[in-house]
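Secondary and tertiary structure notes
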Amino acid sequence: MLTKIAGGDIIDPVNGRVGKGDLWIRDDKIIAAPVGGAADRTIDAAGCIVMAGAIDIHSHIGGGNVNTARLLLPEQHAAHQERPVTTPLSNAGWSTFQTGCLYAKMGFTTVVEPAMSPGAALHTHLELADIPIIDKATLAILGNDDFLLSMIRDDASSQMIEDYVAWTVASTRALGVKVINAGAAAAFKENVRTFSLDDVVPSYGVSSRKIVKTLQAAVDSLGVPHPLHVHCNNLGSPGSADTAAATIAAAEGLPLHLAHLQFYGYGTEGKRKFSSAAARLAELVNATPEVTIDIGQVMFGQTVTVSSDVMRQFSARGSAQPKKSVIHDGDGNGGGIVPYSYGKDFYGAMQWAIGLELFLLIDDPWRVFFTTDHPNGAPFTAYPALFELLMSREARTEMIARLPKSAMALSTLAAIDREYTFEEIAVMTRASPAKLLGLTDRGHLGAGAIADIAVYRRDGNIAKMLGQAAYVFKDGDLVVQDGEITHYRWGKALRLNPSPDKAMVRRLEDYHQQRYGLSLDWFNFPDSAIAREQPFGEVACRT
Amino acid sequence: MKALTFTLVAEPPERLDLSPLTPERLAGIERRDIEKIQIGMSKHGSKVGDIFRVAGNDPLDIVFEGGSTRLDRVAEGMRGGSVRVVGNAGAQAGRAMRGGTLTIEGNAGPHAGSGMRGGRLEITGNAGEHLGAPLAGELAGMNGGVLIVRGKAGAFAADRMRRGLIAVLKGSADNAGSRMIAGTLVVAGGTGEMPGYLMRRGSILLDRAPKSLSPSFVECGAPESVFAAVIDRHLIAEGILKRPLLGIAPQKYGGDNAVLGMGEVLFPR
């Protein structure tokens, strides 16, 4: 089928195409304008902007911890009924079905679950397979697992470590590797309660820095397109900007991605010893071209924090709101679920401002990524409001006026004039995520790209405009019209498929037999376990 | 003004959510608009006028004539005035009410008085399970007010109760007062297994020795108790009981020591 999206303002920074024009789709691909071709279907996009489908690189949408959050907060199920609309937690979480629908309505077509515990890979993929419409991908967590830490302790060759990482990525069907508070979850099991970049994991004698550097090198030399995805130490504590700065410095020329930098933008000034260090971090990021970051913006309201950083979640459980939490000191990373409500008090306002400062002070939209670390900073349904804050100084000024002056005095936000343009938004939410993840077939509107397209009707109200797309195409299927889902389909989970080394597989088989008394088969699964036609889409490694 | 009366015409075809029909939410609404309020919870989507014949005009005095176990969420969140159900009520009657009086002249379903914070709820018949208890995921159950069941109560009555008084006069099923945080539960007519299971604080007052207690309760003797005399007088003055329940020196058990262990179970020797 030949489709023409006629007369929209096309914003495609990758191919340098900006301005009024037509976009042609044949079946599931974007094509160049056919000579004398008559469209089977014409979409009138006059007064609309046309962008590639958006990509979210860091959003916790599936897997063990997300499911535990659902179990911990069953009152949400009632809260999501149409009535009553004002129940607490009415914005803090939902089913897989809604995840796909709500993302698609905003024009998002690919979402990455960034924290899949390798042992929970099957569960995670089953859950992702239940999310309709959009494509998904996962990052596998390494860095607190006994096998890796033992190898580093025993000075294993870099080849062996690469083989292990490759096996993990292949068997868990991941698109990349994430390390969460490297070593801290292992140290937590030995009753350590704070852990920094140069601290050493008891019993292993391996520092956090060493783990990060080892994984960074392995990911790079395996040709995994996405650089090592790092959740730094000391998340959320005042003074954590020092840790983030040290981690940025530790990139040392190789690509490194720092997740949710907002949660590390905290200095120790002011009478509460909690201030914004965003300007300092932004300057460091600007000066370190091999580093990319996403923000993890905080937005006000009730949410639930879901993290495999068990040390952080353990120390945060006292601030749970409502007062209940789950801490799981499990194999590898473990994790914690702590519900939380970001109020417009000093601390909430500070966090909100720090995220925006980072967005606005980091110059290169190719290296800063649009996230709320869903649901940790805010549920992803807050994205439209966040776009508005980035694109309108007036919207920021309005909110600043409603926040404590004591917090705003310790932040530079009020003095920043920058407003994101649609072109920068297209880079930040489309082009650069595709590049970062190694997805050449999306994030742009050039001929040959898959037809993931979001069309937004221009409106003075940016939140409304970007919150309810006029049309969304996923693989050429028209799935959203005027902000409502019109067609359901199943997306794929994007994965790498490096071939595992046979000797490593044998070694892992022995390890699992000895350590758990279980066959390695328990930690692997065939594609047919996911009951969908073609559940996975393969992405190539760099060669 | 005459009481605003909703007379049930026939057995409803679906479960009904009556939470919009409280004194607060009906204040200032014309009768014909009241008849248009949607209360059906399924695809039928029944409106008030399909189910009830509406008469009278005083929203502070609401009467449901004729009951059904399908009448859910009667007087939910009520803050003042009075609601009377002549017949049975469904689930969550008087849930989260903060004031006023709710009288059910029949049986009530599960979660009656769930999370109520004030006011008086009286059920002349039996109550279902989870009397005054929280819904799944909520942290506290009844948080104030008075809840009287003249008949029997189902399992987990007063679960996670924090404040207020619950009185059940013809016996309760298993685990009455489980996980109580504080407050007072009175059960005459016998209890099922393990009343006070995992209670932190609070008082459970019985008219006879319980069938069983969790092994993490300890016997505390039978000292003379001013509290017993005061509560006995209070229950009679409030018209809840006719005779003293505990006497001067009731037998006392303390627990549940599996958790905080500051609760008590009292009954006459």
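Residues take numbers from 1 onward in each chain, read along the sequence in its written order. Each chain is given a letter, starting from A, and each ligand a number, starting from 1, according to the order in which they appear as written. For a predicted model such as this one, the threshold for reporting local features is a pLDDT of at least 70, and the threshold for listing and counting side-chain atom pairs is 80 or more; totals across whole chains, interfaces and linings nevertheless cover every residue.

Naming follows an unreviewed UniProt entry, where chain B appears as Formylmethanofuran dehydrogenase subunit C of Mesorhizobium temperatum.

Taking an unreviewed UniProt entry as the reference, chain A is identified by name as Formylmethanofuran dehydrogenase subunit A belonging to Mesorhizobium temperatum.

Some thoughts on the interface of chain A and chain B
Two residues qualify as being in contact provided that their C-beta atoms, derived from the backbone, are within 7 Å of each other. The interface is formed by seven residues belonging to chain A together with five residues belonging to chain B. Partitioning the side of chain A that touches chain B into residue classes produces four nonpolar, no polar and three charged. All residues other than Ala, Val, Leu, Ile, Met, Phe, Trp, Tyr, Cys, Pro, Asp, Glu, Lys and Arg, Gly among them, are scored as polar; the first ten of these are nonpolar and the last four charged.

Side note on the domain arrangement of chain B
All names here are of chain B. Residue ranges for the domains originate in an automatic or database domain assignment. Per the domain assignment, the segments making up chain B are domain 1 (1-66) and domain 2 (73-269). Here domain 1 and domain 2 have C-alpha centroids that lie 30 Å from each other. Contact with domain 1, which involves 14 residues of that partner, is made by 17 residues of domain 2. Numbered from the N terminus, helices here are DSSP runs of H or I no shorter than four residues, and strands are runs of E no shorter than two. No other element matches the six residues that strand S4 (residues 58-65) contributes to the side of domain 1 that touches domain 2. Tallied by class, the residues present in the side of domain 1 that touches domain 2 amount to six nonpolar, three polar and five charged.

Structural notes on the confidence of the model for chain B
Mean pLDDT over chain B: 95, with 100% of residues reaching 70 or higher. Here the predicted complex carries an ipTM of 0.75, next to a pTM of 0.89. Per residue, pLDDT captures the predictor's confidence, and it can take any value from 0 to 100.

A look at the sheet that holds strand S19 (residues 335-342) of chain A
All names here are of chain A. The strand order S17-S19-S18 describes an open sheet built from three strands, whose pairing is antiparallel. Every interior strand has two partners, whereas the edge strands, strand S17 (301-307) and strand S18 (326-328), have only one. Within this sheet the neighbouring strands show an average axis-to-axis angle of 25°, counted without direction. In this description, strands pair whenever DSSP reports at least two bridges between them. Pairing analysis gives three bridges linking S18 to S19, with the strands arranged antiparallel. In this description, a line fitted to the C-alpha atoms serves as the axis of each element, helices being fitted only across the stretch in contact, and the angle between N-to-C directions of two axes falls anywhere from 0 to 180 degrees.

A word on helix H18 (residues 502-516) of chain A
What a helix should span is 1.5 Å times the count of its residues minus one. For H18 of chain A, which comprises 15 residues, the first-to-last C-alpha distance of 21 Å matches the rise-based estimate of 21 Å (1.5 Å per residue) to within 8%. Positioned one or two residues after H18 of chain A, Gly517 of chain A has a phi angle of 65°, which is positive.

Looking at the pairing of strand S11 (residues 184-187) of chain B
Residue and element names in this part refer to chain B. Counts of 20 or more other C-beta atoms within 10 Å of a residue's own C-beta define buried residues, counts of 12 or fewer define exposed ones, and intermediate counts define partly exposed ones; C-beta atoms are placed from the backbone. Across the two faces of S11 the burial is the same, with Thr184 and Val186 and Leu185 and Val187 all buried. Note: strand S10 (residues 163-168) against S11, four bridges, orientation parallel. Each residue of the ladder has a partner; that of Leu165, found in S11, is Thr184. The pairing of S11 with strand S12 (residues 203-206) spans four bridges and is classified as parallel. Opposite Val186, over in S12, you have Leu205 as the bridge partner.

Focus: unusual backbone geometry
Residue and element names in this part refer to chain A. Cis peptide bonds are those with omega within 30 degrees of zero, and the linkage from Gln321 to Pro322 qualifies with 0°. The residue Pro322 is located in the loop between helix H11 (310-316) and S18 in this model. Residue Asn181 is not a glycine yet carries a positive backbone phi of 40°. Note on placement: Asn181 falls in the loop between strand S9 (176-180) and helix H7 (184-188).

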